[in-house]
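Listed below are the residues making up each chain.
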Number of protein chains: 2
Amino acid sequence: MGGELPREEHDGHGTYDKYAHEPFAVTVDLAVLTLRGGTLHVLLVERGQEPYAGRWALPGGFLLPDESAEDAARRELAEETGLADVSGLRLEQLRTYSEPGRDPRMRVVSVAFTALLPDAPEAHGGGDAAQARWVPYDEARELAFDHDRILADARTRIGDRLENTCAATAFCPPEFTLGELQQVYEAVWGTPLDRPNFRRKVLAAPGFVAPVPGGARLTGGRGKPAALYRAGPAATLHPPLLRPQREGRTT
Amino acid sequence: MGGELPREEHDGHGTYDKYAHEPFAVTVDLAVLTLRGGTLHVLLVERGQEPYAGRWALPGGFLLPDESAEDAARRELAEETGLADVSGLRLEQLRTYSEPGRDPRMRVVSVAFTALLPDAPEAHGGGDAAQARWVPYDEARELAFDHDRILADARTRIGDRLENTCAATAFCPPEFTLGELQQVYEAVWGTPLDRPNFRRKVLAAPGFVAPVPGGARLTGGRGKPAALYRAGPAATLHPPLLRPQREGRTT
DNA sequence: ACAAAAGTGTTGTGGCTACACCCATGC
DNA sequence: GCATGGGTGTAGCCACAACACTTTTGT
């Protein structure tokens with residue numbers, strides 16, 4: 001924007017006629033992540049058509065004429081997961097992928113989003129012909145289009161968000177234990193954390209979590225019942241919860 | 001993406017026919033920031049046409065059929081600033097703005113970028129009919145479209161990037177003093193910093209800056225000549241250079 | 001001599017890591 | 001009792017903010 005309408009001459013950037021070429025298609029792609037049994041999973045759909053027939057891909061779809069990319073992403077998320085309460089979910093714009101040729105058929109500009117869910121319903125597929133499945137992150141390889149890259153970008157982004165925001169609670173059910181919250185961090189970062197220190201940092205961050213007064217729950221069937229917490233009102237984390245020493249690289 | 005081609009039925013998300021509605025236009029918008037005399041400036045162009053005729057706006061323009069958003073942004077940047085060496089500049093994707101109605105004429109999806117320049121050439125305007133100008137950040141208000149918001153988002157993002165990446169050197173000429181680098185941080189963050197501590201943190205971060213062997217330069221005409229540095233090879237900053245207490249302290 | 005800007009040293013506090021240790025529960 | 005997971009305490013180290021001080025230039 002800031003340029004002028006196509007077909008007008010005065011923008012000086014070379015004339016652009018919106019009817020002279022194939023129009024751009026605009027889509028959304030979703031990296032929907034969850035935690036199952038302590039490992040990170042991603043929601044994938046199997047493609048029924050060429051190109052990439054039979055390959056797995058991130059869910060997504062076209063923008064409708066009167067919705068924003070955010071709206072479209074939320075709609076697709078509801079359709080693909082079958083969830084009803086999609087309105088409260090955290091949905092973060094990741095970035096936009098616009099390389100020509102990323103879809104062999106036509107010019108597609110895609111706005112990618114990340115979404116974090118607590119352990120989610122097993123069955124999926126929406127009304128869609130293609131089946132949908134939760135796949136362990138490490139097994140999600142050789143996806144269709146440039147979705148490998150999008151997924152990798154999503155994981156990197158989520159990892160960063162865990163340091164500076166309260167995003168981790170989005171992986172947890174409404175009431176959760178600090179042990180469960182720690183598992184989120186360990187699964188996403190791929191690093192074990194020291195429990196006592198983790199606990200102190202979480203409780204020291206104002207608004208991160210709020211205790212549930214009477215709450216307690218057994219986690220592994222054994223051990224002391226853990227106190228329950230809810231997500232607090234804060235969105236950002238002060239001080240940040242930094243991951244253990246990412247190397248200082250000389251090169 | 002991940003859905004199917006428009007006009008095909010099997011995506012189940014409602015049929016979408018790419019010829020049934022006005023096509024989406026895809027543009028890029030640029031928040032080009034620089035430092036002039038210790039204050040942050042942004043590159044704006046004056047609009048010649050409705051809507052928002054006479055208002056200032058971020059530079060930008062339409063994607064050409066065979067270029068990515070990054071390519072388009074770089075091309076626009078070269079055109080608007082008149083710089084020749086645009087190839088080496090840091091250009092970061094900010095986010096995509098897609099709300100229906102953000103351009104009253106048609107559906108425009110815009111991918112916004114930030115670019116950081118060392119104190120730049122005064123004259124602008126490219127081949128464009130509209131004039132271009134560097135405007136102090138604080139005076140850039142009531143821009144066209146949703147550009148106020150884009151600009152605000154850009155500043156927030158740049159502020160965050162200064163903490164975790166080596167982006168600050170992009171505001172400096174090829175050889176710069178630590179005092180100049182500090183001014184970048186102070187201008188973007190709007191906070192004064194302690195010089196000795198700043199210096200130590202910068203030098204402690206591996207790959208952030210590299211000394212120029214014989215280099216020294218007077219900064220304010222008076223005082224001891226400062227050693228010169230170049231941007232180092234690192235892209236990210238370890239440890240990060242955190243801004244002074246953003247709220248939320250324990251004590 | 002003085003002002004101005006660069007650069008070095010030092011000290012005290014606070015935070016954080018890395019543990020040891022206690023508590024509550026199931027088997 | 002023992003294993004398992006939750007939760008508390010603490011000692012030492014290290015980073016960093018704050019500020020005093022030295023150095024090198026221009027006027």
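Residues numbered from 1 in each chain as written. Chains lettered and ligands numbered in written order. Predicted model: local features only at pLDDT ≥ 70, side-chain atom pairs only at ≥ 80, totals over all residues.

Asks: Just checking my understanding: could you explain the overall build of chain A for this structure?
Replies: Each helix and strand counted, chain A has four helices and nine strands in total. Its helices and strands in sequence order give chain A the pattern β-β-β-β-α-β-β-β-α-α-α-β-β, from N to C terminus. Sorting the 251 residues of chain A into buried and exposed places 39% on the buried side. (Helix = DSSP H or I, 4+ residues; strand = E, 2+ residues; numbered from the N terminus. Buried ≥ 20, exposed ≤ 12 C-beta atoms within 10 Å, placed from the backbone.)

Asks: Help me understand unusual backbone geometry, please; the structure alone is not making it clear to me.
Replies: Negative phi values dominate among residues other than glycine, just as trans dominates among peptide bonds. All names here are of chain A. P239 follows H238 through a cis peptide bond whose omega is -5°. Inspection of the secondary structure assignment puts P239 in the segment after β9 (226-231). Positive phi values are uncommon outside glycine, yet E142 reaches one of about 55°. With respect to the helices and strands, E142 occurs in the loop between β7 (132-136) and α2 (147-164). Of note, F145 is a non-glycine position whose phi angle comes to about 55°, a positive value.

Asks: Would you take a moment to explain the nonpolar core for this structure?
Replies: What tends to happen in soluble globular proteins is that the nonpolar side chains get buried as a cluster. Counting 124 residues, the largest nonpolar core has A31 of chain A together with A31 of chain B as the members making the most contacts within it. Discounting chain neighbours no more than four positions away, the residues touching A31 of chain A are V42, L58, L94, A112, T114, I150, L151 and A154 of chain A. (Core = buried A, V, L, I, M, F, W, Y, C linked by C-beta atoms within 7 Å. Contact = placed C-beta atoms within 7 Å.)

Asks: Sorry, what's going on with the protein's contact with DNA strand D here?
Replies: Surrounding DNA strand D, one finds 23 residues, the nearest of these being G179, P196, G223, K224 and A227 of chain A. Sorting the residues of the surface near DNA strand D by element identifies α3 (178-189), α4 (195-204) and β9 of chain A together with α4 (195-204) of chain B as the ones contributing at least two each. The element that contributes the greatest number of residues to the surface near DNA strand D is α4 of chain A, accounting for three residues. Residues belonging to the surface near DNA strand D are distributed by class as follows: eight nonpolar, eight polar and seven charged. (Near = placed C-beta within 6 Å. Nonpolar A, V, L, I, M, F, W, Y, C, P; charged D, E, K, R; others polar.)

Asks: Looking at this model, I keep getting lost on the packing of helix α2 (residues 147-164) of chain B against helix α3 (residues 178-189) of chain B. Mind explaining?
Replies: Any two packed helices are characterised by the angle at which their axes cross and by the distance between the axes. All names here are of chain B. At a minimum axis distance of 10 Å, the contact between α2 and α3 shows a crossing angle of 140°. Relative to α3, the element α2 is oriented oblique. The element α2 and its partner α3 pack so that their crossing is left-handed. Contacts between α2 and α3 involve I158, G159 and L162 on the former and, on the latter, Y185, V188 and W189. Partitioned by chemical class, the residues of the contact of α2 with α3 number five nonpolar, one polar and no charged. (Axes fitted to C-alpha atoms, helices over the stretch in contact; angles between N-to-C directions. Parallel < 35°, antiparallel > 145°, perpendicular 65-115°, else oblique. Left-handed = near helix turned anticlockwise from the far one by under 90°.)

Asks: Sorry if this is basic, but what is going on with the domain arrangement of chain A here?
Replies: A common measure of how large an interface is: the accessible area buried when the components associate. Residue and element names in this part refer to chain A. Structurally, chain A comprises domain 1 (25-162) and domain 2 (165-231). Those elements giving two or more residues to the side of domain 1 that touches domain 2 turn out to be β1 (25-36), β2 (39-46) and α2. Among the elements that make up the side of domain 1 that touches domain 2, the one with the highest residue count is α2 (four residues). Residues belonging to the side of domain 1 that touches domain 2 are distributed by class as follows: six nonpolar, four polar and two charged. (Domains from an automatic or database assignment.)

Asks: Help me understand the pairing of β1 of chain A, please; the structure alone is not making it clear to me.
Replies: On a regular strand, one side chain projects to one face of the sheet and the next to the other, so that they alternate. Residues and elements named next belong to chain A. Counted residue by residue, β1 has ten buried out of twelve residues, so it is predominantly covered. By the bridge criterion, ten bridges tie β1 to strand β6 (residues 108-117) in an arrangement that is parallel. Across the sheet, A25 pairs through a bridge with V108, a residue of β6. Two elements, β1 and strand β4 (residues 60-62), share three bridges in a ladder whose sense is antiparallel. Bridging from a neighbouring strand, T27 pairs with F62 of β4. One ladder, built from four bridges, connects β1 with β2; its direction is antiparallel. Along β2, the bridge assignment pairs T34 with H41. Counting the residues between successive antiparallel strands, the hairpin from β1 to β2 contains two residues, one of them, G37, with a positive phi of roughly 55°. (Pairing = 2+ DSSP bridges.)

Asks: Help me out: how do you make sense of α2 of chain A in this one?
Replies: Counting along an α-helix, one turn takes 3.6 residues, and residues three or four places apart therefore face a common direction. Residues and elements named next belong to chain A. With 18 residues, α2 should cover 26 Å at 1.5 Å per step; its first-to-last C-alpha distance of 26 Å lies within 8% of that length. The set of residues buried in α2 consists of H147, I150, L151, A154, I158, R161 and L162. Buried residues along α2 cover an arc of 110° about the axis, so they all sit on one side. Looking at the buried side of α2, the elements it contacts are β1, β2, β3 (56-57), β5 (91-97), β6 and α3. (Expected span 1.5 Å × (residues − 1). Arc of directions from axis to C-beta.)

Asks: Could you clarify how one ought to interpret the environment of G54 of chain B in this entry?
Replies: Residues and elements named next belong to chain B. Tracing the sequence through the fold places G54 in the loop between β2 (39-46) and β3 (56-57). Considering only alpha carbons, one finds G54 and P192, 138 residues apart in sequence, at a separation of 36 Å. Leave out the neighbours within four places in its chain, and G54 touches E46 and R47.

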